[in-house]
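A structural walkthrough
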Amino acid sequence: MYYFLIYVWPFLLLSQLFAYTPVVTPNGTTLDWTMEDGVKVFHLTAEPITRQFAPGLNVNCWGYNGQSPGPTIEVVEGDRVRIFVTNKLPEPTTVHWHGIFLPNGMDGVTGLTQAPIGPGETFKYEFTLRQSGTHMYHPHYDEMTQIGMGMMGFFIIHPKTPTEEEKVDRDFCIMLQEWFIPIGASTPNPMVMLDFNYFTFNSTVWPGSAPLVVKKGQKVRIRLGNLSMDSHPIHLHGYEFTVTAQGAKRMKPSAQYEAVTINVPVGDTRDIEFIADAPGDWAFHCHKTHHMMNGMEHDIPNLIGVKLDNIEAKIQKLLPDYMAMGQTGMGEMFGMKGMQGPSNFIPFGSAGQFGTIQMGGMFTVLKVRTGITDYKDPGWYQNPPGTVAEIVMETK
Ligand SMILES: [Cu+2]
């Protein structure tokens, strides 16, 4: 009994404290509220912040309450919410509650539905939630700059009386964003339309992104939101998942469908769910190959297949440190020791248990484990003997 309590109480506690499984925002937080006269009261402060995308890469963003994405607002269908928004930015802002039914004057569109919130001003939004689902918030003033600098967050409304089919054990939310940060700089350039070089889950890149830790057998939901400039086909290894929501209300079971990759369009959300029955370290990433890299630099000549013969030695007479790279592909550059980048730059690749993990950017790891008692990073998966691909022959 004693052991039972030690191992089981963290799981029991969560389900007893809330009528729902609280959402986990990896590398982020949930916004606190106070109850005043039956209204849930929240405070958001729009402000410039510094965000660590990964150790070694700190980015000057704009966000809310010290964070990008802003803290997740988590409420229940039927709640009345009062949200105070204080503007500490150098320019006006507003907050639009994306996807949410509300009085027109609470919709947060500068000029159309409200006056801008000037620097130093605090505005009040108040409305009653008449739906459930995965929604978002973001500014509608100078959108290109403010959203591009990281101002966005989740607004999650749990159903008042969830059906068995809607209940999950683990519930994650991940916001997709993309940035152009000139190499060596710290401030994103929001004027860039196409040529982004950092692609983030909750404003982090691998290896800075938290893994998604779940216990074997749990039912897992991952909510994805996209306020970037591109769609992101997000792929989970090792599983088929069920797509249960596409921005609007939860889909009827007959309309839900199985997939292994879910394309998340711009300005929309997707919910996916699965039973975590296969233990392991499962990659979870955007499948656009440039979106699973860090610090992309496009002005590099393509040398794939080029025979350099002794050109490298000739150049080294003039430039002793010159190294020709890329003729056999670019994997060798990932995680290379001694590759000294500019300041505020993280190298390609990061350490895994079998060598360098070649992906960065929109990449994290779903860690499914038996016998865990908390959700701390359990380290790398220990594969049963004989279940790892291995060398059997070498052909020269
Ligand atoms: Cu992508």
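Residues numbered from 1 in each chain as written. Predicted model: local features only at pLDDT ≥ 70, side-chain atom pairs only at ≥ 80, totals over all residues. Heavy atoms only, no water.

Each protein donor to the copper ion is listed here as His232 (ND1), Cys286 (SG) and His291 (ND1); together their distances run 2.0 to 2.1 Å. Binding-site remark: the copper ion is held by donors from one chain whose sequence spacing is H-x53-C-x4-H. A residue pair is termed long-range when its members are at least 10 positions apart, and His232 in strand S14 (residues 232-236) and Cys286 in strand S19 (residues 280-286) qualify at 54 residues. Across this residue pair, the class does not change: His232 and Cys286 are buried. (Donors = N, O, S within 2.8 Å, 3.2 Å for Na, K, Ca; no water. Helix = DSSP H or I, 4+ residues; strand = E, 2+ residues; numbered from the N terminus. Buried < 20%, exposed > 50% of the residue type's maximum accessible area, 1.4 Å probe, protein only.)

With that settled, consider the environment of Leu212. Relative to the elements of secondary structure, Leu212 occurs in strand S12 (residues 212-215). Overall, Leu212 belongs to the buried group, its relative accessible area being 0%. Taking the C-alpha atoms as reference points, Leu212 and Phe284, separated by 72 residues in sequence, lie 9.3 Å from one another.

What follows deals with the sheet that holds strand S18 (residues 268-275). Ordered by their spatial adjacency, 6 strands build an open sheet running S11-S10-S13-S18-S15-S16, and the pairing between neighbours is mixed. Unpaired on one side and paired on the other, strand S11 (198-201) and strand S16 (257-259) mark the two borders of the sheet. Averaged over all pairs of adjacent strands, the angle between their axes in this sheet comes to 30 degrees, without regard to strand direction. Relative to S18, strand S15 (residues 241-245) runs antiparallel, the two being bridged by 3 bridges. Bridging from a neighbouring strand, Thr242 pairs with Glu273 of S18. (Pairing = 2+ DSSP bridges. Axes fitted to C-alpha atoms, helices over the stretch in contact; angles between N-to-C directions.)

Before going further, it helps to examine the environment of Pro159. Its place among the elements puts Pro159 in the loop between strand S9 (153-158) and strand S10 (170-179). A relative accessible area of 21% places Pro159 in the partly exposed class. Linking Pro159 and Val76, residues 83 residues apart in sequence, is a C-alpha distance of 6.0 Å. In contact with Pro159, other than residues within four places in its own chain, are Val76, Glu77, Ser132 and Glu166. (Contact = heavy atoms within 4.5 Å.)

Of all 7 residues that make up S19, 5 are buried, and the element is covered over most of its length. Bridge count between S14 and S19: 3 bridges; the pairing is antiparallel. In the strand pairing of S19, His235 is matched with His285. As judged from the 6 bridges shared by S19 and strand S22 (residues 363-369), these two strands associate in the antiparallel manner. By the bridge assignment for S22, Asp281 is matched with Lys367.

Moving on to the side chain of Ser203. Mapping Ser203 onto the fold places it in the loop between S11 and S12. Within the structure, Ser203 has its side chain in polar contact with the side chain of Ser68 (distance 2.9 Å). Filtering out sequence-adjacent residues up to four positions away, Ser203 remains in contact with Arg51, Gln52, Phe53, Ser68, Pro69 and Trp179. (Polar contact = N/O pair within 3.5 Å; in protein donor to acceptor, adjacent residues only side chain to side chain.)

Backbone-to-backbone hydrogen bonds join strands into a sheet, with any given pair of strands oriented parallel or antiparallel. With mixed pairing, 4 strands are arranged side by side in an open sheet as S4-S9-S8-S6. Looking along the sheet, the strands with just one partner apiece sit at the ends: strand S4 (73-76) and strand S6 (96-98). Averaged over all pairs of adjacent strands, the angle between strand axes in this sheet comes to 25 degrees, irrespective of strand direction. Bridge count for S6 against strand S8 (residues 133-138) is 3 bridges, and the pairing is antiparallel. By the bridge assignment for S8, His96 is matched with His138.

A separate point is the packing of aromatic side chains. How two aromatic rings sit relative to each other is set out by the distance from centre to centre and by the angle between their planes. Within the structure shown, the criterion is met by 11 aromatic pairs. Arranged with centres 5.9 Å apart and planes meeting at 45 degrees, the rings of Phe201 and Phe284 form a pair that is tilted. Highlighted residues: Phe201 in strand S11 and Phe284 in strand S19, separated in sequence by 83 residues. Judged by its relative accessible area of 3%, Phe201 is buried. Measuring from ring centre to ring centre gives 5.2 Å for Trp206 and Phe363, while their planes differ by 80 degrees; the resulting arrangement is edge-to-face. You can see Trp206 sitting in the loop between S11 and S12 and its partner Phe363 sitting in strand S22, a full 157 residues away along the chain. Here Trp206 falls in the buried class, since its relative accessible area comes to 7%. A residue is classified by how much of its surface remains accessible, and Phe363, at 4% relative accessible area, is buried. Chaining the aromatic ring pairs together yields one cluster made of Tyr64, Trp97, Tyr125, Phe127, Tyr137 and Phe155. When the ring centre of Trp33 is taken as origin, the NZ or CZ atom of Lys40, which lies over that ring, is 4.5 Å away. Taking NZ or CZ as reference, Arg170 lies 3.4 Å from the ring centre of Tyr375, over its face. (Phe/Tyr/Trp six-rings, centres within 6.5 Å; stacked < 30°, edge-to-face > 60°. Lys NZ or Arg CZ within 6 Å of the ring centre and 35° of its normal.)

Side chains that are nonpolar tend, in soluble globular proteins, to be buried together. Core analysis: the biggest nonpolar cluster contains 29 residues, and Ile222, Leu224, Ile234, Phe274 and Phe284 have the highest contact counts within it. In this structure, Phe274 is in contact with Gln218, Lys219, Val220, Ile222, Leu236, Tyr239, Glu240, Phe241 and Leu366, ignoring residues within four places of it in sequence. (Core = buried A, V, L, I, M, F, W, Y, C linked by side-chain atoms within 4.5 Å.)

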